[in-house]
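For reference, the chains in residue letters:
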Amino acid sequence: VDLFDHKGPLIFFVNALGHMLGGRTGIFFIQCLNGLVCLFLLYNTVRILKPEEDYLSLKDLLFIFVPSYTYFFYTFERGNLTEEYSLLFICISLFLFCKYAANEKDTSAHNPVYAAVYGVSFAALALFRLNNAVTVCAGIFVIFCNLIYKKQFKNLFLNLAAGIAGMAVVIVPTLLYFNSKSALNDMIYATFLHNFQIAAN
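Residues numbered from 1 in each chain as written. Predicted model: local features only at pLDDT ≥ 70, side-chain atom pairs only at ≥ 80, totals over all residues. Heavy atoms only, no water.

Take the nonpolar core next. L10, Y85, Y118, L125, F128 and I143 are the most contacted members of the largest nonpolar core, which has 32 residues in total. Among the secondary structure elements, those contributing two or more residues to this core are α1 (10–49), α3 (82–103), α4 (112–128), α5 (134–149) and α6 (153–180). Among the elements that line this core, the one with the most residues is α3, at nine residues. Not counting chain neighbours up to four residues away, the residues in contact with F128 comprise K7, G8, L10, I11, V14, T82, Y85, S86 and F89. (Core = buried A, V, L, I, M, F, W, Y, C linked by side-chain atoms within 4.5 Å. Buried < 20%, exposed > 50% of the residue type's maximum accessible area, 1.4 Å probe, protein only. Helix = DSSP H or I, 4+ residues; strand = E, 2+ residues; numbered from the N terminus. Contact = heavy atoms within 4.5 Å.)

Time to look at the pattern of salt bridges. Under the defined criterion, the tally for this structure stands at one salt bridge. Among the salt bridges present, the one from R129 reaches E83, with a minimum N-O distance of 2.8 Å. Of this pair, R129 sits in the loop between α4 and α5 while E83 sits in helix α3, and the two are 46 residues apart along the sequence. Its relative accessible area of 32% is what places R129 among the partly exposed residues. For E83, a relative accessible area of 25% puts it in the partly exposed group. (Salt bridge = Lys/Arg side-chain N within 4 Å of Asp/Glu carboxyl O.)

A few words on the environment of I143. Looking at where I143 falls in the secondary structure, it is placed in helix α5. Take I143: its relative accessible area is 9%, and that puts it in the buried class. I143 sits 25 residues away from Y118 along the chain, and the two C-alpha atoms are 11 Å apart. For I143, the contacting residues outside a window of four places in its chain are F97, Y100, H110 and Y118.

At a minimum axis distance of 10 Å, the contact between α4 and α5 shows a crossing angle of 145°. Crossing handedness for the pair α4 and α5: left-handed. Contact residues: α4 offers Y118, F122 and L125, while α5 offers V136, C137, I140 and I143. Taken together, the residues that form the contact of α4 with α5 break down as seven nonpolar, no polar and no charged. (Axes fitted to C-alpha atoms, helices over the stretch in contact; angles between N-to-C directions. Left-handed = near helix turned anticlockwise from the far one by under 90°. Nonpolar A, V, L, I, M, F, W, Y, C, P; charged D, E, K, R; others polar.)

This brings us to helix α7 (residues 184–200). The end-to-end C-alpha separation of α7 is 23 Å, in line with the 24 Å expected for 17 residues at 1.5 Å each. By the largest-angle criterion, A190 marks the main kink of α7, which is about 45°. Those residues of α7 that fall on the buried side of the exposure criterion are M187, A190 and T191. Residues of α7 that are buried in the fold lie against α4 and α6. (Expected span 1.5 Å × (residues − 1). Bend = angle between axes of the 7 residues up to and from the residue.)

Of note, K151 is a non-glycine position whose phi angle comes to about 60°, a positive value. Residues other than glycine seldom take positive phi values, yet S182 does so here, at roughly 55°. Relative to the helices and strands, S182 is located in the loop between α6 and α7. Of the residues examined, S182 reaches a relative accessible area of 67% and is grouped as exposed.

Next comes the structure, spelled out in structure tokens:
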């Protein structure tokens, strides 16, 4: 309540967890773990895109890791930014988008468990920094259109329900926490309304 920042509240929770683990070193540990998981997900996404290869060549690995780390170091400056932690949710969603696309010819139905992950990802991204959710929204939109095109209406509604449930996993505890601190209105204003006012102006 005493600090205004129009980024979402999850960055504060990440920093609090890092300080509990060991101050700045704890935050650095979370950054390293987050980066490693993102690289693992990118590696496996490329494996989906190149299924004919049992393993990826050194050239393929360099193609994944060099641009990723270049982007990482160039963009994130000294790190601990909302964009950095958003990558985890973008990468896992991208992995599942590609996994669905690779198997779409066998079955056009979409796994509702994936939709629940997209829901968690979208909610987390919205509560880190809303514009970071664009990638996930684009993937969801394509799947939504594909399910309508293939007349998979029952599957579409199952996925919508799973996506909403996934969002609730992140949003409900966050709202309850800020409500318990009498800061719910402050959080909603700082995270969303203030930014919409800036955009409108």
